[in-house]
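# Structural overview
What follows is each chain in one-letter form.
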Amino acid sequence: MSARTKSRKRALDILFESEAQNLAPGGTLAERRHSEDYPVNDYAVLLIEGVVSHRDRLDEIISSNAKDWTLDRMPAVDRNLLRIGAFEILYVDDVPDAVAVSEAVNLAADLSTDESSTFVNGLLSRIVQLKPTLIG
């Protein structure tokens, strides 16, 4: 597993954990960064902080492109993977869009429902198509 793949997984863990504990998005980051048993590297921090700072816009984009699904209805893993993937697509220039989509799809396949990888792939692929109209 590549370092960035591990970072994405760690970012997902922290975003999911914060949400499950009804904390602010990324609320467990500070605690996790100081734990020797739970290393959090710089790229994971970038993803978490990026999702937190752009969350309203990311949620708006995800919601408006998720046919027949609200954010609240989505499994928490999927919701947070979509936020991470959309953040990478829209705001991280050194990650190719196809890589951001592929990484999110693979994590969905490993960690969520049987249908999640297809759902995540379709929604992030749509965001890639719309990217020119979404940034600026």
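Read on for a plain summary of the structure. Quantities reported herein were computed from a predicted structural model and do not represent experimental measurements. (Residues numbered from 1 in each chain as written. Predicted model: local features only at pLDDT ≥ 70, side-chain atom pairs only at ≥ 80, totals over all residues. Heavy atoms only, no water.)

## Some remarks on the nonpolar core
- Leu124 and Ile127 are the most contacted members of the largest nonpolar core, which has 41 residues in total.
- Taken together, the elements giving at least two residues each to this core come down to helix H1 (3–20), helix H3 (42–53), helix H4 (55–65), helix H5 (76–91), helix H6 (97–111) and helix H7 (116–134).
- Among the elements that take part in this core, H5 stands out by supplying eight residues, more than any other.
- Those residues in contact with leucine 124 that lie beyond four places of it in its chain are Leu82, Gly85, Ala86, Ile89, Ala100, Val101 and Ala104. (Core = buried A, V, L, I, M, F, W, Y, C linked by side-chain atoms within 4.5 Å. Buried < 20%, exposed > 50% of the residue type's maximum accessible area, 1.4 Å probe, protein only. Helix = DSSP H or I, 4+ residues; strand = E, 2+ residues; numbered from the N terminus. Contact = heavy atoms within 4.5 Å.)

## Side note on the side chain of asparagine 80
- Within the fold, asparagine 80 resides in helix H5.
- In this structure, asparagine 80 is in contact with Leu12, Leu15, Phe16 and Glu19, ignoring residues within four places of it in sequence.

## Considering the pattern of salt bridges
- For the structure on display, the rule yields 13 salt bridges.
- One salt bridge in this structure joins arginine 8 and glutamate 88, with 2.9 Å as the shortest N-O distance. Of this pair, arginine 8 sits in helix H1 while glutamate 88 sits in helix H5, and the two are 80 residues apart along the sequence. Take arginine 8 and glutamate 88: they sit in the same class, and that class is buried.
- Where aspartate 59 meets arginine 55, a salt bridge forms, and the shortest distance between an N and an O atom there is 3.3 Å. A residue pair is termed a helical-turn pair when its members lie 3 or 4 positions apart in one helix, as aspartate 59 and arginine 55 do in helix H4 at four residues.
- Judged by its relative accessible area of 12%, aspartate 59 is buried. (Salt bridge = Lys/Arg side-chain N within 4 Å of Asp/Glu carboxyl O.)

So far we have only geometry, and geometry alone does not tell us how the molecule works.
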